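Reading the structure
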Amino acid sequence: MKTFARALCGAVSMIAVTAAAPALAEPKAEVLHYWTSGGEAKAVQALQEAFAARGGEWVDAPVAGGGGDAQAAVLRARVLAGDPPAAVQIKGPNIQEWAEAGALGDLTAVATAQDWDKVLPEAIQNIVKYEGKYVAVPVNVHRVDWIWANPEVLAKVGAEVPTSWEEFNETADKLQATGIIPLAHGGQPWQDATVFETVVLGIGGTDFYRKALVELDMDALGSDTMVAVFDQMRKMRGYVDPDFPGRDWNLATAMVMRGEAAMQIMGDWAKGEFAAAGKVPGVDYVCASTPSDNGYLLNSDSFAMFNVSGDDNVEGQAVLAELILGTEFQETFNLFKGSIPARTDVPRAEFDDCAIKSMDDMVAAAEGGTLLGSMAHEIAQAGAVRGAFIDVATAHFNSDMSSQDAVDQLVKAIKLAQ
Ligand code: GAL
């Protein structure tokens, strides 16, 4: 990716994105994103409306496909063609790589005016800064390690949301014995990897997660603990319904909503779907972190402003950056999206118990050293390394591969990917 981006963009210097464009400029922005599900679409519509209210002309460039891999391919092709969109939904190390390639605008002026250093947690600043400069604007914090459950369905077997993996398996066995689908799942590689990383966190613990999925420690990757992770993944495979292959994540969420399945493991964009359907947390559904030693798997969406010409575009980028991190918009967007605000000073009054739990757990995890970047959602890893994890996790989930074979393949694949 580095050589690709560098080769593509050559030695372009960072363009300062400021609101000081000529008075005649009319803010305009083509926005490339992959938010097309019910809750996602409502959230991005709120951004469109806020931009329009600032006189902005929004050019929508959605690319369907949860997890964003399809969108990333479109972005590379657009940059290759010398026609990058003005603003792009982007995450984690990808931001650093495009910045290093000189493809991104410098948001320092907007960041200074809005004092981003004061309102953004360090973990988020590290994601959106390159060489000390802001090159992307964070819009949220999505927690990945959640269980979404239908309390009525669980009650059919006298269960509550499991708090350990043993309890998860016991409850799932009971549900299955009564003909209820224990785990709603969408059979797509990124979704398999999302479940995988929560199992790594839960079975191995936060230190093991850090060693294996962040630091790529070969002993950890090849360990008996990783064998135990794949053993648990094999069990999870047994708890999904036969129609899971290819299913979109939001359709799995809908199965829990309708009581066709008891639980889903997914990031809190799933809550955006419950909210969009008017469902009430604690009543129609319950949220709980997947079992672990107080880990927190962080994902955060941002918008990067690619180098584009034209005063209208630059003005549009500045207006977009400014409104995205405004307190009001941070509240509106995240209520729709199911995530929590990136900035830490947004009033909590409108947020539900799941969001409050995410806010408190994130602070506690940051203080306790258990705040970890998501691998599946491109915070801890991106590019070939992330691809290697996803390939092995999904190959194991969709076959009868043994756990030891999966571990051997993982070690080989990660070595090759580095
Ligand atoms: C994640 C993204 C979230 C959510 C999810 C499903 O990668 O960060 O905002 O949209 O994919 O599409």
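Everything quoted here is computed from the prediction, not taken from an experiment.

Bringing the overall build of the protein into the picture now. Helices and strands together make up the secondary structure of the protein, namely 20 helices and 14 strands. A compact globule built from 418 residues should have a C-alpha radius of gyration of about 22 Å, and the protein, at 21 Å, falls within 12% of that. Going through the 418 residues of the protein one by one, you find that 57% of them count as buried. Within the protein, residue pairs in contact and separated by at least 24 positions form 78% of the contacts whose partners lie at least 6 positions apart. Accessible area of the protein: about 15800 Å², with a carbon and sulfur share of 51%. Separation between the mean location of the 30 positive side-chain charges and that of the 57 negative ones in the protein comes to 2 Å.

All right, on to the site of the ligand then. As a matter of local geometry, the ligand sits amid 14 residues, with Glu40, Lys91, Asn299, Asp301 and Lys337 nearest to it. Trp35 places a side-chain nitrogen or oxygen 3.0 Å from an oxygen atom of the ligand. Note that an oxygen atom of the ligand is positioned 2.8 Å from one of the side-chain N or O atoms of Lys91. For the ligand, whose unbound accessible area comes to 300 Å², protein coverage reaches 100%. Taken together, the residues of the shell around the ligand sort by class into five nonpolar, five polar and four charged. Both of domain 1 (28-142 + 300-361) and domain 2 (146-298 + 365-417) provide at least three residues apiece to the shell around the ligand.

Before going further, it helps to examine the sheet that holds strand β14 (residues 371-373). Spatial ordering of the open sheet is given by β7-β12-β14, a layout of three strands whose pairing is mixed. Two strands close off the open sheet at either side, each with one partner strand: β7 (142-143) and β14. Here strand β12 (residues 296-299) pairs with β14 via three bridges, running parallel. Counted as the bridge partner of Leu297 is Leu372 from β14.

A separate point is the pattern of salt bridges. Counting across every chain of the model gives 15 salt bridges. Two residues, Arg78 and Glu30, come together in a salt bridge whose shortest N-O distance is 2.8 Å. Residue Arg78 is found in helix α3 (residues 69-80), and its partner Glu30 is found in strand β1 (residues 28-33); the two are separated by 48 residues along the sequence. With a relative accessible area of 21%, Glu30 lands in the partly exposed category. Taken together, the shared-partner salt bridges in this structure form one network comprising Arg143, Asp145, Lys357 and Asp361.

So, about the packing of helix α2 (residues 38-53) against helix α16 (residues 311-324). Where α2 meets α16, the axes come as close as 10 Å, and the angle between the chain directions of the two elements is 120 degrees. When the axis of α2 is compared with that of α16, the two are oblique. Where α2 crosses over α16, the two elements pack in a sense that is right-handed. For the pair α2 and α16, the contacting residues are Leu47, Ala50 and Phe51 in the first and Gly316, Val319, Leu320, Leu323 and Ile324 in the second.

Generally speaking, nonpolar side chains in soluble globular proteins are found buried as a group. Ranked by size, the top nonpolar core spans 76 residues in total, and within it Trp148, Phe168, Phe196, Met226, Met236 and Phe389 carry the most contacts. In terms of nonpolar packing, the next biggest core, distinct from the first, is built from 62 residues, Leu32, Trp58, Ala304 and Leu320 among them.

On the basis of which strands lie adjacent, the open sheet formed by five strands has the order β2-β1-β3-β13-β6 and mixed pairing. Edge positions in the sheet fall to β2 (57-62) and β6 (136-138), since each of these pairs with one other strand and no more. Neighbour-to-neighbour, the strand axes of the sheet open up by a mean angle of 25 degrees, direction not taken into account. Inspection of the sheet shows β1 paired to β2 by six bridges, in the parallel sense. Residue pairing across strands places His33 opposite Pro62, the latter belonging to β2.

Now for the environment of Val135. Mapping Val135 onto the fold places it in the loop between β5 (133-134) and β6. Classification of Val135 by relative accessible area gives buried; the value is 0%. Spatially, the C-alpha atom of Val135 lies 34 Å from that of Gly187, the residues being 52 residues apart in sequence.

Our focus in this paragraph is a negative patch on the surface. On the surface, Glu26, Glu57, Asp311 and Asp312 cluster together into a patch of negative charge. Inspection of the secondary structure puts Glu26 in the loop between α1 (2-9) and β1.

Attention now goes to the domain arrangement of the protein. Along its sequence, the protein is carved into domain 1 (28-142 + 300-361) and domain 2 (146-298 + 365-417). Computed over C-alpha atoms only, the centres of domain 1 and domain 2 are separated by 26 Å. Interface area, domain 1 with domain 2, both sides summed: about 2400 Å², of which 56% is carbon and sulfur. Our count for the contact surface shared by domain 1 and domain 2 stands at two salt bridges.

Interhelical geometry of helix α14 (residues 249-257) versus helix α15 (residues 269-276) gives an angle of 55 degrees and a closest axis separation of 10 Å. The angle between α14 and α15 falls in the class oblique. When the axes of α14 and α15 are compared, the crossing they make is right-handed. The segment α14 lies against α15, with Trp249, Asn250, Thr253, Val256 and Met257 engaging Trp269, Ala270, Glu273 and Phe274.

A few words now on the packing of aromatic side chains. Counted under the stated rule, the structure contains 14 aromatic pairs. With 6.3 Å between their ring centres and 70 degrees between their planes, Phe51 and Trp58 make a pair best called edge-to-face. Ring geometry for Trp165 and Phe168: centres 5.4 Å apart, planes at 50 degrees, overall tilted. With Trp165 and Phe168 both in helix α9 (residues 165-177) and three residues apart, the pair spans about one turn of that helix. You'll find Trp165 and Phe168 in the same group, each marked buried. Three or more aromatic residues joined by ring pairs make a cluster, and in this case those are Trp35, Phe303, Phe329 and Phe333.

The rules behind the values
- Residues numbered from 1 in each chain as written.
- Predicted model: local features only at pLDDT ≥ 70, side-chain atom pairs only at ≥ 80, totals over all residues.
- Heavy atoms only, no water.
- Helix = DSSP H or I, 4+ residues; strand = E, 2+ residues; numbered from the N terminus.
- Rg over C-alpha atoms; globule rule 2.2 N^0.38 Å.
- Buried < 20%, exposed > 50% of the residue type's maximum accessible area, 1.4 Å probe, protein only.
- Contact = heavy atoms within 4.5 Å.
- Areas by Shrake-Rupley, 256 points an atom, 1.4 Å probe, with all protein chains shown as cover.
- Lys, Arg positive; Asp, Glu negative; His and termini not counted.
- Charge placed at Lys NZ, Arg CZ, Asp CG, Glu CD.
- Near = heavy atom within 4 Å.
- Polar contact = N/O pair within 3.5 Å; in protein donor to acceptor, adjacent residues only side chain to side chain.
- Nonpolar A, V, L, I, M, F, W, Y, C, P; charged D, E, K, R; others polar.
- Domains from an automatic or database assignment.
- Pairing = 2+ DSSP bridges.
- Salt bridge = Lys/Arg side-chain N within 4 Å of Asp/Glu carboxyl O.
- Axes fitted to C-alpha atoms, helices over the stretch in contact; angles between N-to-C directions.
- Parallel < 35°, antiparallel > 145°, perpendicular 65-115°, else oblique.
- Left-handed = near helix turned anticlockwise from the far one by under 90°.
- Core = buried A, V, L, I, M, F, W, Y, C linked by side-chain atoms within 4.5 Å.
- Patch = residues over 30% accessible without salt bridge, like charges linked within 9 Å, V, L, I, M, F, W, Y side chains within 5 Å.
- Buried area = accessible area lost by both parts, 1.4 Å probe.
- Phe/Tyr/Trp six-rings, centres within 6.5 Å; stacked < 30°, edge-to-face > 60°.

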